[in-house]
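Residues per chain are reported as follows:
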Amino acid sequence: MKGGGERYDAIVIGGGHNGLITAAYLARAGKSVLVLERRPRVGGAAVTEEIFPGFKFTMFSYVVSLLRPEIIRDLDLPRHGLHILPLESTVTPMENGDYLAAWGDHDETRRELYRHSPRDAEAYDEYGRLMHFMAQAVKPILSMVPPDPTSFSPGDLAGLLKLGKHFRGLGGERLHALVKLMTMSSADFLDEWFETDVLKATKSASGIIGTFLGPRSPGTAYVLLHHYMGELDGVFRAWGFAKGGTGAVSESIASAARAFGAEIRCDAGVAKVLVRNGRASGVVLENGDELEASIVVSSLDPRRTFLQLLDSKELPDEFVSDIRRFKFRGSSGKVNIALDSLPSFTCMPGIGRQHRGAFSISPSLDYVERAYDDAKYGEFSRRPYMDIVFPSMIDPGMAPPGKHVMSIFVQYAPYKLNGGWTDAKREAFGDAVVNTVESFAPGFKAKILHRQVITPLDIERITGLSEGNIFAGELALHQLFFLRPAPGWAKFATPVRNFYQCGSGTHPGGGIMGASGRLAALRILKDGR
Amino acid sequence: MSLRTTPFHARTGPLSEGQAWRRWAGYVVASAYELSHDREYHAIRNSAALFDVSPLYKYMVTGKDAARLLDHVVTRHVAKAKVGQVLYTPWCDNDGKQIDDGTISVLNEQTFRMTSADPTLRWLHLNSSGLDVGIEDVSERTAAVSLQGPSSRAILQIAAERDLSALKYFRLTSATIRGIPVTISRTGYTGDLGYEVWVDAGQAVPLWDAIVETGAAYGITPAGMLALDVARIEAGLLLIEVDYFSSRHALIEAQKSSPLELGLGWTVATDKERYNGQAALDAERRRGPSWQFTGLTVDWDSLERLYADVGLPPRLPSQAWRMSVPIYDRGGQRQVGYATSGGWSPLLKRYMALAHLESASAAPGTEVRMEVTVEHRRKQATARVTPLPFFNPERKRA
């Protein structure tokens, strides 16, 4: 034991945003908390790094859609530097040189849609209203510890009852829509509403992010909804960009946690969780140091939490099988680019406000589905779906004055690539991305000062996320709510006493939402730990 | 056009996407240039926002007795201020009730520039009998822009080709920007790092161009009054005719406020000769003011519940509001004050308000109730007394 007698109320393994949030809430409640981060910096997949001098890359995750406002308030994050900036437009360049744009102003967006289809322009409002209701219907679930439907404990029954009443209260029409959302593909669901292909392609794209599914795969409609929830509170934008990149989100949470008294130690990878008589009692660091704690909380994904940090013999066999079956299937990559100047897109020439929002490379449903076809058979997409933002246009501090950074989220790049990922394959993947952008924005390649290509294998290698899945486990219906990460163990507790989980691999998971970290902390405090 | 446009209008006019203008002292200035003021607001806290603040009333007070005149009028101690200093100060009538608030820039020992929200020429003249002083209204001759936000210093340093890091909070310096003589003061109405640039009206347009061109690489964003409204509430800065009434416009005593009741006690000097309102203010200070001007934070859960009761998610004001809203004690029965400004802070993710509260209910942390209208019905949301400012970044003074 290091220092002879260092002992904490809680040790949190992993300094990603959820781990930091759990630590901050526990420290706020007066617990002595230690966060152990393997990398030299906190943030996990929410990090900003100066990979090329003067240019700050939002390495992995790049937008903040769903960070819970109660966390921002509870932890007083703006005082610690958090500033979420609106990212309000999306432009989809089409292959015929036209475009589809959604702007921050509703009238402007409707007029733009009208240009493509007067019918869709009207349907768009109704669709928005329905999705609003659906998001409202699902919202209570996000802030709820999932009840176990197979349990007869009073807490679970009360939770289920509350949930049942909630859904009955929706009324027939909305309940049916919800069932459709839970079962249909995003393409089919959107077909019921719209006729404009590029609109459906762009909308459905948000249903495939982080999954190994295509827009025509059943179950993707739900993910559409998952991405709609950020819009709920009216003023909370669906998509925001944190000043300083997502790393600044992590830094602000870390700063808040420290202000509450938590200790954060970087370059401190955890090798094992110490278990004595079925109870967690501390951790062993990779350097051999042992640290003791009353409880241990893992923010790592379920595979690493249970199959790497623990010996399988400490866990029930059935649970181990469930965790082994938990699907990761990383399907996305990232290309970060330092630019001498901004590229002009053929569909909307020049430099302007379009560069302050996203460019979605999703010109048609077939385009996106074909991108998936490549991945289904073990290849990266030759012409991938991409979500492009220019962080320096939103926060000029991300690049030297007048220069720019470009963040390209790319799907699909399967973790299990035919023949495996090599340096050459990584560069070929980077070329496919750059060439595709070039086809929509000629002259783009000449502006590149530096490029960083990140494959799912790189994501796994750097952040530890298994198979490079950005959500610490696929956001598929069979892996959500009381099934996340395993039936019976969705309430942040684990089969090992005093050992908890708080990462995105738990309910509700996904995105820089922080709900998992917060709910876990509340659960731990409620358990009286 | 019967309302005047400012000297920057040749540039600000074409920027207006939605033709949203607001009246200010007989001029029109932009409410917002873009269709929504969101980005303009965020520029204040993220990069740099450029405001046209030319409609401010401005007076040059000069001569041997200039400081004496100002010291007789305002509550701050002007004679003690150093050359290059800027004072924020209220001024009062003889009953110690506030007439207006503004700034006094000490340009040299005998030259002061005073700004005010209301015309002040007559009041200065009335107070100057027997003094050797010149008073000149330079409101129309002087244009001003305010550059506010974390990047404001970087932009102005390049534009003025000089280091501004030594220019402290509420200090000023003369400079040239592309050959145009200007005064740069480290002042503003946002509670952030920021500067105001004062220029001869004839040079306004080339100054605007110089600043905007320099700022382009730093995300400079022309911004209107809607954005400023939100920032000034976050900064806890009060606004005449909104948060208080000039004692000269008040129709009844109850409409008047003293600086001590407005949270401006720090501006009321205790170490200078007789000035307007001194006796009343001294007496009020001894017995303690009956009112306090303070921040309120509306409790989110309470607001959410009120809306959930009617099946709605919480509705938040999309712009800062300016109206009188009753504040009750925590029992919800007895009115203990009223809020005069409020709004949602996109930065802090808090619903904030500025309120006048009876002193007994104004201690930080006190739980009160604020009236909110939910689906046409009057409800009360829980709110907590929060010391001002709501937001006070280190960079403001650093």
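Structure: above.
What counts and what doesn't
Residues numbered from 1 in each chain as written. Chains lettered and ligands numbered in written order. Predicted model: local features only at pLDDT ≥ 70, side-chain atom pairs only at ≥ 80, totals over all residues. Heavy atoms only, no water. Salt bridge = Lys/Arg side-chain N within 4 Å of Asp/Glu carboxyl O. Helix = DSSP H or I, 4+ residues; strand = E, 2+ residues; numbered from the N terminus. Pairing = 2+ DSSP bridges. Axes fitted to C-alpha atoms, helices over the stretch in contact; angles between N-to-C directions. Contact = heavy atoms within 4.5 Å. Phe/Tyr/Trp six-rings, centres within 6.5 Å; stacked < 30°, edge-to-face > 60°. Buried < 20%, exposed > 50% of the residue type's maximum accessible area, 1.4 Å probe, protein only. Lys NZ or Arg CZ within 6 Å of the ring centre and 35° of its normal. Arc of directions from axis to C-beta. Core = buried A, V, L, I, M, F, W, Y, C linked by side-chain atoms within 4.5 Å. Parallel < 35°, antiparallel > 145°, perpendicular 65-115°, else oblique. Left-handed = near helix turned anticlockwise from the far one by under 90°. Nonpolar A, V, L, I, M, F, W, Y, C, P; charged D, E, K, R; others polar. Expected span 1.5 Å × (residues − 1). 1 Å grid on protein atoms, 1.4 Å probe; cavity = no way out; pocket = protein on both sides within 12 Å on 5 of 7 lines; lining within 4 Å. Points joined across faces, edges and corners; volume = space filled by probe spheres on them.

Asks: So what exactly am I meant to see when it comes to the pattern of salt bridges here?
Replies: Any two side chains of opposite charge can pair, so long as their charged atoms come close to each other. Residue and element names in this part refer to chain A. Here the structure, examined in full by the defined rule, presents 56 salt bridges over all chains. We note a salt bridge from Glu467 to Lys416, for which the minimum N-O separation is 3.7 Å. One end of the pair, Glu467, is in the loop between helix H16 (456–463) and strand S18 (499–501); the other, Lys416, is in the loop between strand S16 (404–411) and helix H15 (423–440), with 51 residues separating them in the sequence. Among the ionic contacts, a cluster of salt bridges with common partners joins Lys272, Asp311, Lys313 and Glu314.

Asks: I tried to follow the sheet that holds strand S12 (residues 180–185) of chain B on my own but got confused; where do I start?
Replies: Consider a sheet: its strands pair through backbone hydrogen bonds, and that pairing is either parallel or antiparallel. All names here are of chain B. Ordered by their spatial adjacency, six strands build an open sheet running S11-S12-S13-S10-S4-S14, and the pairing between neighbours is mixed. Strand pairing shows two members of the sheet lacking a second neighbour, strand S11 (172–177) and strand S14 (220–222), which therefore form its edges. Sheet twist, expressed as the average angle between the axes of neighbouring strands with direction ignored, equals 25°. Where S11 lies against S12, six bridges are found, and the strand directions are antiparallel. Looking across to S12, one finds that Ile177 is bridged to Ile180. The sheet contacts of helix H5 (residues 152–160) involve strand S4 (48–52), strand S10 (142–148), S11, S12, strand S13 (194–200) and S14, and relative to S11 the element is tilted by about 55°.

Asks: How do you make sense of the packing of aromatic side chains when you look at a structure like this?
Replies: A complete count under the given rule lists 21 aromatic pairs over all chains for this structure. Judged by centre distance (5.1 Å) and plane angle (65°), the rings of Tyr127(A) and Phe194(A) are edge-to-face. Of this pair, Tyr127(A) sits in helix H4 (residues 118–142) while Phe194(A) sits in the loop between helix H7 (186–191) and helix H8 (197–205), and the two are 67 residues apart along the sequence. In terms of burial, Tyr127(A) and Phe194(A) fall into one category: buried. Through a chain of ring-to-ring contacts, the aromatic side chains of Tyr124(A), Tyr127(A), Phe189(A), Trp193(A) and Phe194(A) assemble into a single cluster. The ring of Tyr99(A) carries the charged tip of Arg115(A) above its face, separated from the ring centre by 4.7 Å. Over the face of the ring belonging to Tyr275(B) we find Lys272(B), whose NZ or CZ atom lies 4.7 Å from the ring centre.

Asks: Help me out: how do you make sense of unusual backbone geometry in this one?
Replies: Leave glycine aside and you will find that most residues have negative phi; peptide bonds, for their part, are mostly trans. For the peptide bond that leads from Gln411(A) to Tyr412(A), omega is 20°, which places it in the cis range. Here Tyr412(A) is to be found in the loop between S16 and H15. Cis geometry is found at the peptide bond from Leu388(B) to Pro389(B), where omega equals -5°. Within the secondary structure layout, Pro389(B) lies in the segment after strand S20 (377–386). Even without glycine at this site, Asn277(A) takes up a positive phi of about 50°. Summarising the element assignment, Asn277(A) is placed in the loop between strand S10 (270–276) and strand S11 (279–285). According to the relative accessible area criterion, Asn277(A) is exposed, its value standing at 80%.

Asks: Any chance you could explain the sheet that holds strand S14 (residues 358–361) of chain A here in plain terms?
Replies: All names here are of chain A. Pairing is mixed in the open sheet, where seven strands are placed in the order S7-S6-S14-S15-S16-S13-S17. Two strands in the sheet have a free side with no partner beyond their single neighbour: strand S7 (99–102) and strand S17 (448–454). Each strand axis lies, on average, 20° off the axis of its neighbour in the sheet, ignoring direction. Sheet topology places strand S6 (residues 90–93) next to S14; two bridges connect them, and they run parallel. If you follow Thr90 over to S14, its bridge partner there is Ala358. Sheet strands in contact with H8 are S6, S7, S14 and strand S15 (385–389), and its direction is about 125° off that of S6.

Asks: What should I look at first to understand the pairing of strand S5 (residues 57–62) of chain B in this one?
Replies: Successive side chains on a regular strand alternate, one facing one side of the sheet and the next facing the other. Residue and element names in this part refer to chain B. The element S5 is extensively covered by neighbouring structure, given that five of its six residues are classed as buried. In this sheet, strand S8 (residues 111–116) lies alongside S5 in antiparallel orientation, the contact comprising six bridges. Paired with Met60 across the bridge in S8 is Arg113.

Asks: What am I meant to see in the side chain of Lys256(B) here?
Replies: Tracing the chain through its elements places Lys256(B) in the loop between helix H7 (225–234) and helix H8 (278–287). Once you skip the residues sitting within four places of it in the chain, Lys256(B) turns out to touch Lys97(B), Ser247(B), Ala250(B) and Glu261(B).

Asks: Help me out: how do you make sense of H5(B) in this one?
Replies: Count 3.6 residues to each turn of an α-helix, and residues three or four apart come out pointing the same way. Residue and element names in this part refer to chain B. Here H5 has its buried residues at Ser152, Arg153, Ile155, Leu156, Ala159 and Ala160. Projected down its long axis, H5 carries its buried residues within an arc of 160°, all on one side. Downstream of H5 by a residue or two, Glu161 has a phi angle that is positive, lying close to 50°.

Asks: Would you mind showing me how to read the nonpolar core here?
Replies: It is characteristic of soluble globular proteins that their nonpolar side chains tend to be buried jointly. Residue and element names in this part refer to chain A. Of all hydrophobic cores here, the largest spans 62 residues; its most connected members are Ile388, Met406 and Ile408. Elements with a minimum of two residues in this core: strand S4 (55–58), H8, strand S13 (332–339), S14, helix H13 (365–376), S15, S16 and H15. Sequence-distant contacts of Met406, defined by excluding residues within four places in its chain, comprise Val335, Asn336, Ile337, Leu339, Ile388, Val389, Phe390, Pro391, Val437 and Phe444. Judged by nonpolar contacts, the second largest core, of 40 residues, contains Val12, Leu75, Ala262 and Ile295.

Asks: Can you walk me through the packing of helix H2 (residues 38–46) of chain B against H7(B) in this structure?
Replies: When two helices pack together, their arrangement is captured by the angle between the axes and the distance separating the axes. Residues and elements named next belong to chain B. Two elements in contact, H2 and H7, have axes whose closest approach is 8 Å; the angle formed by their N-to-C orientations is 45°. As summarised for this structure, H2 and H7 are arranged oblique, according to the angle between their axes. Between H2 and H7 lies a crossing whose hand is right-handed. Between H2 and H7, the contacting residues are Glu40, Tyr41, Ile44 and Arg45 on the first element and Ala227, Leu228, Val230, Ala231 and Glu234 on the second. Classifying every residue of the contact of H2 with H7 gives six nonpolar, no polar and three charged.

Asks: How do you make sense of H15(A) when you look at a structure like this?
Replies: End to end, H15(A) covers 26 Å across 18 residues, agreeing with the expected 26 Å (1.5 Å per residue, within 8%). All of the buried residues in H15(A) are Arg426(A), Phe429(A), Gly430(A), Ala432(A), Val433(A), Val434(A), Thr436(A), Val437(A) and Phe440(A).

Asks: In this structure, what is going on with empty space enclosed by the protein? I would like to understand it.
Replies: It is a probe the size of a water molecule, rolled over the atoms, that shows where empty space is left. Residue and element names in this part refer to chain B. What the rule picks out here adds up to one cavity of 30 Å³ or more. Computed from the structure, the largest cavity encloses a volume of approximately 60 Å³. Around the largest cavity, the lining residues are Thr6, His9, Thr12, Trp21, Val28, Val29, Ala30, Tyr33, Asp52, Ala223, Gly224 and Met225. Counting residues per element, the lining of the largest cavity draws most heavily on strand S3 (residues 27–32), which supplies three residues.

Asks: Please explain the pairing of S4(B) as it appears in this structure.
Replies: Residues and elements named next belong to chain B. Counting buried positions along S4 yields five of five residues, so the element is predominantly enclosed. The alternating pattern of S4 places Ala48, Leu50 and Asp52 on one face and Ala49 and Phe51 on the opposite face, and all of these are buried. Here S4 runs beside S14; their pairing, made up of three bridges, is parallel. Bridging across to S14, Leu50 finds its partner in Pro222. In terms of strand pairing, S4 meets S10 through four bridges, oriented antiparallel. By the bridge assignment for S10, Leu50 is matched with Leu147.

Scope: geometric values only; no functional claims are made or implied.
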